[in-house]
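Structural features, examined
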Amino acid sequence: MTDPAPLSGRQPRAVRSALAVLEEVVASGPGVTAKEISAALKLPQATTYRLLNLLVGEEYLVRLPDLRGFALGRRAARLALPVVPRPPAAARAVVEHLRAMVRWGVHLASLRGGTLTLVDPDPDHPPSEAAVLARYPHASALGRLLLADQADWRAVARDLRPLTAHTVTGAAELGARLADVAASGLARQCGELRADRGCLAVPVRDPATGALVAGLALCGPATRVAEPNDELVRLLREHAERLVPLLA
Amino acid sequence: MPHLRHRSPVHGLDRRNLGPAEVLAQSVAGAAPAAAMATVPAIVAATAGPGTLWSFAVATVVALLIGSCIGQFTRRMAAAGSLYSLTAQGLGPAGAFGSGVALLVGYGVLAMAALTGSAIYLDALVARLGGTGGSRPVLVAAVCVLAVLATAGVLVRVRLSARVVLLVEAVSITVMTVVFLALLGADAPAGPPPPDPGPGGIAAGVLPALGAFIGFEAATAMGVEARRPFRTVPRVVTWTAGAAGALFLFAAYTQVSGFSAGGLAATPEPVLTLVTARGEPWIAVLLDVGIAMSFAACTLATLGALVRVLFSMARDGIVPARLGATHPRLRTPHAAIAVALPVVAAVPAALLAAGVPPSRVLAELLTVATAGYLVAYLLICLAAPLFLRRIGELTTPPVAVTAVAAPVLLAVLAAFVVSEWGGAIPLVIGLLVLAGGVWWGWLRLRRPRELAGIGAYDETVADDVLARP
């Protein structure tokens with residue numbers, strides 16, 4: 001009673017009910033109460049309350065401030081494929097402008113909703129596969145921008161597996177790197193995703209809310225990325241600044 | 001869509017950063033099982049005699065029931081103000097205010113007691129290792145030094161603080177388990193026969209036995225800072241009640257069987273008597289280390305909870321808003337620490353300096369703290385079903401839990417009042433209640449709006465909700 005029985009794979013009814021509860025919250029909209037869900041699904045009340053507490057504990061649902069009503073939590077966004085619109089022509093022109101100025105690959109990624117999606121990869125310097133970038137944000141510079149913005153990055157980066165000999169895989173070390181990223185607004189990885197390549201990335205933020213919108217990355221030889229690159233970082237930041245009104 | 005804030009009312013704390021083990025350490029350290037293992041069985045045996053184990057078993061069940069009531073809240077909300085913030089959601093401002101005053105007394109005085117206890121056992125350790133101990137100035141100085149260390153301990157980032165508590169408490173429990181395993185089967189010299197318990201004696205033994213558990217809810221003050229509060233906090237509170245119960249039963253069994261010839265209740269230091277009977281002096285050194293560390297961890301955990309209650313009260317507007325400030329880098333309530341720590345250090349230091357015997361200071365402070373906790377526990381048990389009814393999630397089991405736990409707690413409180421009647425303690429408690437009443441009256445007169453709205457917790461903000469783009 002104090003400890004809701006853990007769901008195991010042998011309880012298909014419970015899993016089905018939990019999914020039905022999630023769907024019911026989506027269908028009824030934010031503010032739906034436990035009693036209403038129980039009535040709509042014809043589930044026993046005690047079962048409904050236990051499932052709701054479980055889903056709140058896992059952060060797929062949140063309780064609204066009156067503590068009676070429920071709404072979808074941010075984590076639920078990860079159940080759906082993000083629909084990322086193609087960036088406007090003006091934004092692509094800014095990225096193209098930067099490509100003309102440097103000899104490195106320039107990629108633009110959307111970082112909305114806690115997921116990483118490449119929206120304008122450099123055709124001349126193809127980036128790593130989209131699925132790899134999305135699954136292992138700990139190893140890429142763009143992914144680290146995303147993680148550094150999360151309240152709890154451990155919930156997003158669950159599998160800190162090494163992709164090369166240089167990949168940072170320790171949670172504490174990665175935490176320190178992410179704190180650096182958050183403080184400096186610059187993410188860097190040298191040979192952690194592919195042994196010979198490295199990346200620098202800066203965030204694009206909504207000026208009104210401060211929310212992370214996108215990331216702009218420069219990719220080149222790993223040894224070159226490790227250098228301070230002050231001039232390149234200045235260029236990168238300048239272009240990210242010009243993207244703000246176009247993307248936010 | 002109801003209106004959502006953009007910032008949590010308890011912003012400024014290090015949100016969602018403590019793992020389960022670190023949260024668990026707060027509760028275990030708050031209950032300080034090592035210190036209670038050594039001292040409480042003899043107190044219980046004074047009334048329960050051979051029924052001592054039964055008294056502890058009943059107290060464990062009561063603690064588990066209280067934990068279940070707390071879990072009804074902590075599974076649904078994350079707060080920094082411990083039971084005070086939770087009670088507000090069930091009993092409204094009056095109940096929450098009562099719980100708040102009781103908790104300030106409980107946490108504040110338990111922290112004082114733990115400071116004193118830590119100083120006493122460190123002093124005894126120094127004396128046992130051949131130093132000179134026991135002098136009054138040394139004890140007062142030890143309390144002050146420990147208070148400064150404790151200030152640093154609660155001021156640093158909560159993650160570091162929690163890890164220190166975890167480490168100290170783990171060592172303490174390991175040491176105590178070794179000590180009691182070594183004492184299993186020791187035979188003390190025969191003493192006066194134990195009193196015949198009967199159900200009345202066992203029931204009277206529940207009060208001190210339950211006193212051994214106080215502080216096991218300390219993790220509820222870490223709701224904002226726990227990484228997965230809705231999962232972690234209710235579990236660790238229940239686990240702490242269960243684990244502390246098991247440790248107490250083990251310690252009580254060792255002592256009751258060691259004094260099978262009688263005399264447990266009549267011996268001032270029963271564990272030391274058992275050590276002498278065993279003839280292994282190193283056990284006494286370990287015992288002092290274990291208890292001193294247990295009290296030190298208890299000081300840290302209790303202070304952490306105390307300053308978070310003060311912080312929450314400041315955010316509610318019933319104490320000066322300045323106490324609700326947090327340090328920008330350390331993300332701990334440094335203003336509340338600056339106000340609470342001097343008081344917590346000054347009271348035991350003054351009592352010791354005035355020449356009150358140290359063991360009496362410890363015992364009386366623990367008694368006052370117990371009163372505060374019992375009131376807060378009673379209020380949370382009453383609040384649980386009302387809270388569930390308010391949010392429309394009431395089922396039968398929580399009502400049944402309260403129906404059992406609340407009368408038992410009331411009876412224990414009544415037993416407490418009867419057992420302490422006539423001494424200085426009722427006077428102190430009376431003065432504290434009076435001060436609470438005056439404070440309540442002042443708030444009713446000057447801050448009625450703040451008073452009506454108390455109960456700030458880490459509510460869902462606009463950012464937490466997945467909304468249509």
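It should be emphasised that the depicted structure is a prediction, and the values quoted were computed from it without experimental measurement. (Residues numbered from 1 in each chain as written. Chains lettered and ligands numbered in written order. Predicted model: local features only at pLDDT ≥ 70, side-chain atom pairs only at ≥ 80, totals over all residues. Heavy atoms only, no water.)

Some thoughts on the overall build of chain A
Of the regular secondary structure elements, chain A holds nine helices and eight strands. Expressed as lengths along the three principal axes of its C-alpha atoms, the size of chain A is roughly 65 × 40 × 30 Å. Within chain A, the fraction of its 248 residues that count as buried is 48%. The long-range share in chain A, meaning contacts at least 24 apart out of those at least 6 apart in sequence, stands at 58%. Accessible surface for chain A amounts to roughly 12,100 Å². Of this, 55% is attributable to carbon and sulfur atoms. The average position of the 30 basic charges and that of the 25 acidic charges among the side chains of chain A differ by 6 Å. (Helix = DSSP H or I, 4+ residues; strand = E, 2+ residues; numbered from the N terminus. Buried < 20%, exposed > 50% of the residue type's maximum accessible area, 1.4 Å probe, protein only. Contact = heavy atoms within 4.5 Å. Areas by Shrake-Rupley, 256 points an atom, 1.4 Å probe, with all protein chains shown as cover. Lys, Arg positive; Asp, Glu negative; His and termini not counted. Charge placed at Lys NZ, Arg CZ, Asp CG, Glu CD.)

Regarding the sheet that holds strand β1 (residues 32–33) of chain A
Residues and elements named next belong to chain A. What the three strands build is an open sheet, ordered β1-β3-β2; its pairing is antiparallel. This sheet does not close on itself; its edge strands, each paired only once, are β1 and β2 (61–63). In this structure, β1 lies alongside strand β3 (residues 69–72), joined through two bridges in antiparallel fashion. Among the inter-strand pairings, Val32 is bridged to a residue of β3, identified as Phe70. Packing against the sheet, helix α1 (residues 12–28) makes contact with β1, β2 and β3, and its axis sits at approximately 95 degrees to β3. (Pairing = 2+ DSSP bridges. Axes fitted to C-alpha atoms, helices over the stretch in contact; angles between N-to-C directions.)

Examining the environment of Asp159 of chain A
All names here are of chain A. Of note, Asp159 is situated in the loop between α6 (141–148) and α7 (171–184). Distance in space between the C-alpha atoms of Asp159 and Glu58 is 18 Å, their sequence separation being 101 residues. Ignoring any residue separated from it by four or fewer positions in sequence, one finds Asp159 in contact with Tyr136 and His138. Within the structure, Asp159 has its side chain in polar contact with the side chain of Arg161 (distance 2.8 Å). (Polar contact = N/O pair within 3.5 Å; in protein donor to acceptor, adjacent residues only side chain to side chain.)

So, the sheet that holds strand β7 (residues 197–205) of chain A
Residue and element names in this part refer to chain A. The strand order across the open sheet formed by five strands is β5-β4-β8-β7-β6, and the pairing between neighbours is antiparallel. Both edges of this open sheet fall to β5 (117–120) and β6 (187–190), since each of them pairs with a single strand only. Each neighbouring strand pair of the sheet contributes to a mean axis angle of 30 degrees, computed without reference to strand direction. Alignment of β7 against strand β8 (residues 212–221), held across nine bridges, turns out to be antiparallel.

Things to note about a nonpolar patch on the surface
A grouping of Leu427, Leu431, Leu434 and Val438 of chain B is seen on the molecular surface, where their side chains present a nonpolar patch of about 440 Å² in accessible area. With respect to the helices and strands, the residue Val438 of chain B is situated in helix α14 (residues 425–446). (Patch = residues over 30% accessible without salt bridge, like charges linked within 9 Å, V, L, I, M, F, W, Y side chains within 5 Å. Salt bridge = Lys/Arg side-chain N within 4 Å of Asp/Glu carboxyl O.)

A short note on the side chain of Thr332 of chain B
Here Thr332 of chain B lies in the loop between α10 (282–316) and α11 (334–353). A polar contact of 2.7 Å, which involves the side chain of Thr332 of chain B, links it to the backbone oxygen of Leu155 of chain B.

What to know about the packing of helix α2 (residues 33–48) of chain B against α10 of chain B
Residue and element names in this part refer to chain B. Contact geometry of α2 with α10 gives a least axis separation of 7 Å together with a crossing angle of 125 degrees. The angle between α2 and α10 places the two elements in the oblique class. Where α2 approaches α10, its residues Pro33, Ala34, Ala35 and Ala38 are matched on the opposing element by Gly290, Ile291, Ser294 and Phe295. For the contact of α2 with α10, a count of residues per class yields six nonpolar, two polar and no charged. (Parallel < 35°, antiparallel > 145°, perpendicular 65-115°, else oblique. Nonpolar A, V, L, I, M, F, W, Y, C, P; charged D, E, K, R; others polar.)

Observations regarding the interface of chain A and chain B
Facing 32 residues of chain A, the contacting portion of chain B comprises 34 residues. Summing both sides of the interface, chain A and chain B together bury roughly 3,000 Å²; the carbon and sulfur share of this comes to 54%. Where chain A meets chain B, there are four salt bridges. For the salt bridge of Arg63 of chain A with Glu393 of chain B, the shortest nitrogen-to-oxygen distance reads 3.0 Å. On the surface where chain A and chain B come into contact, there are 10 residue pairs in polar contact (both at pLDDT 80 or more). Looking at the side of chain A that touches chain B, the element that brings in the most residues is helix α3 (residues 45–57) of chain A, giving six residues. (Buried area = accessible area lost by both parts, 1.4 Å probe.)

Keep in mind these values describe shape, not function.
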